[in-house]
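Next come the chains, spelled out residue by residue.
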Amino acid sequence: MKKLLISFLMMFVIFSCGAASNNNQIILNLEEEGPSMDTSLMTDASSGTIASFLNEGLAKVNPDTKQAEPALAENWDISEDGLVWTFHLKSGLKWSDGSDLTAQDFKYAWLRGLDQKTASEYAYILFPIKNAEKFNSGQVSADEVGLEVVDPLTLKVTLENPTPYFATLLGFSTYYPENQKFIEEKGDAYALEADSLISSGAYVMKSWDHNSSITLEKNPNYYNKDNVNIETIIIKFIKDPASALNAFKNEELDVIKLTNEQYSEFKDDKNVDLIDSAQIWYLLFNSQNDVLKNPKIRKAMLLAVDKETIVDTIFNGINKAAYNFVPSGVGINGTDGKDFTEQIGQLGSKFNVEEAKKLLAEGLKEVGLTSMPELSILVNDAGLNKKIVEAIQENLRVNLGINLNVELVAFKERVQRMHNQNFDIVLAGWSADYLDPMTYLDLLVSTSGNNYGKYNNPKYDALIDQAAKTNDQKIRVEAFKQAEQIIADEVPIGPLFQKRTIFLTNKNKVKDITFPTFGPDYYLNNAKIK
């Protein structure tokens, strides 16, 4: 999911001194409040983390094993051809208001997410379901979507194609159940305040001080409430890293993320966890640009960027230089349980100025130019982004004589300009929505709504289509490998680095907190207050 990193948890109390009457609580920082708590509309990491405390799906990914396991579903059956999944819900499930939670709540939520009127940016994540994409585009009715409520505890889902990773999708926010009666009663006010939210998960929202804090309390109607150890989660929104660190030192926060600069102070501290993240940062090229449409020019520019030095100097060696689009070490597997990226090997080329010069000369000749025109790189003004693009700017100037203008803009403007294809190059990032190579590689399919560079390669499209239509993991991995090779050869995007996230936890107070490699920032199911 587009990771905008943000989320805080708090009880109901005094933020100036960090005190509270309830000792069984944890106080988290999520940096910024997201734009929506409607699970059909949310797209940012902060809202997604909060939603994971308030809601639960049919299944969830265990952060330790990286495998899907039952959540609101007791179990499920899969047909031999992989197309029909029948989910059997746990008996006695309740919403936080005490009303029954049934299979109909899932059907309603998924159809609402697909409905054009909802305008969900994540409607596409429901497209594995038969006729879901056609319903979203207005070609068929809701009745033709592959969802059947067999009885209150049984949901039958028919897929468009075999989708081996379907179970890992079910913990994503767009797949959470929704209470139709509650949503219709709240109308336009739904999900805007604490009292206009209803929960299917471990916690309920008790208070919401916008852009300051949110307090969650244990849901008394949650089926697994006896195994929820922490009574209260307080979420604060402190965007400035220095302010967040000061709050941690003053015991006003229990867990924070550290910046790369702050890490040097704590690198030997037992309270620090360094987590591989399923998040790749890359250069996105506008493939319709008169110059950047040439693959040799794009590859030359990437080869002239010294990723390893950028990682060492700007990130103090914490992040990892990336040479494939799919990250490693995060639970995305190939065959026989092997890490996909490690299995296929490094496909992208390393820093090579001589090769870059050669390719640039060939590419310029092919587009009828003798020198490169000035180009711009678009980047939002957050974190270390400015330093990153300035390093890239200098690499290209020194190594290839390319003048790159840096356009530093607000995040919302960067996103809007990507949508409008109003850019030459963008510094962009993508986080996994589920644990399969498809979550990255389908971004570059010519028909993908997230293909902002408008890359178009029929062979690439065919490979992704092949992987989407088979249950045979060997065939899928081979197709994905060939797709990664096309990316390495034609560079529609240029992978730069895989992010690693640094968490600082007060382990004298909190134990057994888990930091997933993808999805929510925090997993508190096993966490305890000492």
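Residues numbered from 1 in each chain as written. Predicted model: local features only at pLDDT ≥ 70, side-chain atom pairs only at ≥ 80, totals over all residues. Heavy atoms only, no water.

Student: Whenever I open this one, the overall build of the protein chain confuses me. Can you help?
Tutor: Each helix and strand counted, the protein chain has 16 helices and 19 strands in total. For the protein chain, the C-alpha radius of gyration of 23 Å lies close to 24 Å, the compact-globule estimate for 530 residues. Dimensions of the protein chain, computed from C-alpha atoms along their principal axes, come out at roughly 70 × 55 × 45 Å. The long-range fraction of contacts in the protein chain, counting pairs at least 24 apart against all pairs at least 6 apart in sequence, stands at 68%. Surface exposure of the protein chain reaches about 21,600 Å², of which carbon and sulfur atoms provide 45%. Looking at charge distribution, the protein chain has the averaged site of its 53 positive side-chain charges lying 3 Å from that of its 73 negative ones. (Helix = DSSP H or I, 4+ residues; strand = E, 2+ residues; numbered from the N terminus. Rg over C-alpha atoms; globule rule 2.2 N^0.38 Å. Contact = heavy atoms within 4.5 Å. Areas by Shrake-Rupley, 256 points an atom, 1.4 Å probe, with all protein chains shown as cover. Lys, Arg positive; Asp, Glu negative; His and termini not counted. Charge placed at Lys NZ, Arg CZ, Asp CG, Glu CD.)

Student: What is the right way to look at the confidence of the model for the protein chain in this model?
Tutor: Do not read the predicted coordinates in detail wherever pLDDT is low. For the protein chain, the mean per-residue pLDDT works out to 93, and 96% of the residues sit at or above 70. In the model, residues 1-21 has pLDDT below 50 throughout and makes 106 contacts with residues more than four positions away in sequence or in other chains. (pLDDT = per-residue confidence, 0-100.)

Student: Is there a simple way to think about the sheet that holds strand S6 (residues 147-151) in this case?
Tutor: Two orientations exist for strands paired in a sheet by backbone hydrogen bonds: parallel and antiparallel. Strand order across the open sheet formed by four strands is S4-S5-S7-S6, with antiparallel pairing between neighbours. Whereas interior strands pair on both sides, the edge strands pair on one side only; in this sheet they are strand S4 (73-78) and S6. Mean inter-strand twist for the sheet, computed between neighbouring axes without regard to direction, equals 20°. Sheet topology note: the S6/strand S7 (residues 154-158) ladder contains four bridges and is antiparallel. Within the sheet, the bridge partner assigned to aspartate 151 lies in S7 and is threonine 154. Of the strands in this sheet, strand S5 (84-89), S6 and S7 are in contact with helix H2 (residues 103-114), which crosses S6 at around 170°. (Pairing = 2+ DSSP bridges. Axes fitted to C-alpha atoms, helices over the stretch in contact; angles between N-to-C directions.)

Student: It is not clear to me how the pattern of salt bridges should be interpreted in this structure. Could you clarify?
Tutor: Note on pairing: side chains with opposite charge can pair once their charged atoms come close. By the definition in use, this model includes 22 salt bridges. Glutamate 265 is the salt-bridge partner of lysine 249, the closest N and O atoms lying 3.1 Å from each other. Of this pair, lysine 249 sits in helix H6 (residues 241-249) while glutamate 265 sits in helix H7 (residues 260-266), and the two are 16 residues apart along the sequence. Residues aspartate 465 and lysine 469 are paired through a salt bridge, measuring 3.4 Å at the closest nitrogen-oxygen approach. Aspartate 465 sits in the partly exposed class, given a relative accessible area of 37%. (Salt bridge = Lys/Arg side-chain N within 4 Å of Asp/Glu carboxyl O. Buried < 20%, exposed > 50% of the residue type's maximum accessible area, 1.4 Å probe, protein only.)

Student: Just to check I follow, could you spell out unusual backbone geometry for this structure?
Tutor: Outside of glycine, negative phi angles account for most residues, and trans bonds account for most peptide bonds. For asparagine 316, which is not glycine, the phi dihedral falls at a positive 55°. Among the structural elements, asparagine 316 can be located in the loop between helix H9 (307-314) and strand S13 (320-321). Given the relative accessible area of 45%, asparagine 316 is considered partly exposed. The residue valine 491 is not glycine, and still its phi comes out positive at about 50°. Tracing the chain through its elements places valine 491 in the loop between helix H16 (473-490) and strand S17 (493-505).

Student: What is the right way to read the pairing of strand S8 (residues 203-209) from this model?
Tutor: It is a general feature of regular strands that their side chains alternate between the two faces of the sheet. Within S8, five of the seven residues are buried, which leaves it mostly tucked inside the rest of the structure. Taken together, the six bridges between S8 and strand S9 (residues 213-218) define a ladder with antiparallel strand orientation. What sits directly across from serine 207, in S9, is threonine 215. Connecting S8 to the next strand, S9, in antiparallel fashion are three residues, including asparagine 211 with a positive phi near 65°.

Student: Explanation requested: the environment of lysine 181 in the structure shown.
Tutor: Counting through the fold element by element, lysine 181 comes out in helix H5 (residues 180-186). Along the sequence, lysine 181 and leucine 253 sit 72 residues apart, while their C-alpha atoms lie 37 Å from each other.

Student: Honestly, H2 in this entry has me stumped. Any pointers?
Tutor: Residues lying three or four places apart along an α-helix face the same way, a consequence of the helix completing one turn every 3.6 residues. In this model H2 runs 17 Å from its N-terminal to its C-terminal C-alpha over 12 residues, within 8% of the 16 Å that 1.5 Å per residue would give. Here H2 lies mainly inside the structure; 10 of its 12 residues are buried. (Expected span 1.5 Å × (residues − 1).)

Student: How do you make sense of the packing of aromatic side chains when you look at a structure like this?
Tutor: Two measures describe an aromatic ring pair: the distance that separates the ring centres and the angle between the ring planes. A complete count under the given rule lists 22 aromatic pairs for this structure. Judged by centre distance (4.5 Å) and plane angle (5°), the ring pair of tyrosine 165 and tyrosine 434 falls under stacked. Placement of the pair is tyrosine 165 in the loop between S7 and helix H4 (166-169) and tyrosine 434 in the loop between strand S16 (425-431) and helix H14 (438-441), with a sequence separation of 269 residues. One exposure class covers both tyrosine 165 and tyrosine 434, and it is buried. Ring centres of tyrosine 282 and phenylalanine 325 lie 5.4 Å apart, and the angle between their planes is 75°; this geometry places the pair in the edge-to-face category. Taken as a pair, tyrosine 282 in strand S12 (residues 272-285) and phenylalanine 325 in the loop between S13 and helix H10 (340-344) lie far apart in primary sequence, 43 residues in all. (Phe/Tyr/Trp six-rings, centres within 6.5 Å; stacked < 30°, edge-to-face > 60°.)

Student: Looking at this structure, how should I read helix H11 (residues 353-366)?
Tutor: Relative to the 20 Å expected for 14 residues at 1.5 Å per residue, H11 spans 20 Å between its end C-alpha atoms, a close match to the ideal helical length. Against helix H8 (295-303) and helix H12 (385-400) lie the buried residues of H11. Among the residues trailing H11, glycine 368 stands out with phi positive, at a value near 80°.

Student: Would you mind going over the nonpolar core with me for this structure?
Tutor: Across soluble globular proteins, nonpolar side chains have a tendency to be buried as a group. Counting residues in each nonpolar core, the largest one holds 120 residues, and the members touching the most others are Trp110 and Ile129. Among residues more than four places away in sequence, those in contact with isoleucine 129 are Trp110, Val145, Gly146, Leu147, Val157, Thr158, Leu159, Glu160, Phe166 and Tyr175. Residues Ile297, Leu375, Ile388 and Ile402 belong to the second largest nonpolar core, which totals 37 residues. (Core = buried A, V, L, I, M, F, W, Y, C linked by side-chain atoms within 4.5 Å.)

Student: Help me understand the side chain of asparagine 286, please; the structure alone is not making it clear to me.
Tutor: Inspection of the secondary structure puts asparagine 286 in the loop between S12 and H8. A residue is classified by how much of its surface remains accessible, and asparagine 286, at 7% relative accessible area, is buried. A polar side-chain atom of asparagine 286 sits 3.0 Å from the main-chain amide nitrogen of glutamine 288. Side chain to side chain, asparagine 286 and glutamine 421 meet in a polar contact 2.7 Å long. Those residues in contact with asparagine 286 that lie beyond four places of it in its chain are Leu292, Lys293, Gln421, Phe423, Asp424 and Gly453. (Polar contact = N/O pair within 3.5 Å; in protein donor to acceptor, adjacent residues only side chain to side chain.)

Student: Honestly, the environment of alanine 300 in this entry has me stumped. Any pointers?
Tutor: Secondary-structure assignment places alanine 300 in helix H8. Given the relative accessible area of 0%, alanine 300 is considered buried. Along the chain, alanine 300 and leucine 360 lie 60 residues apart, while their C-alpha atoms are 5.4 Å from each other. Setting aside residues no more than four positions away along its own chain, alanine 300 makes contact with Ala356, Leu359, Leu360 and Leu400.

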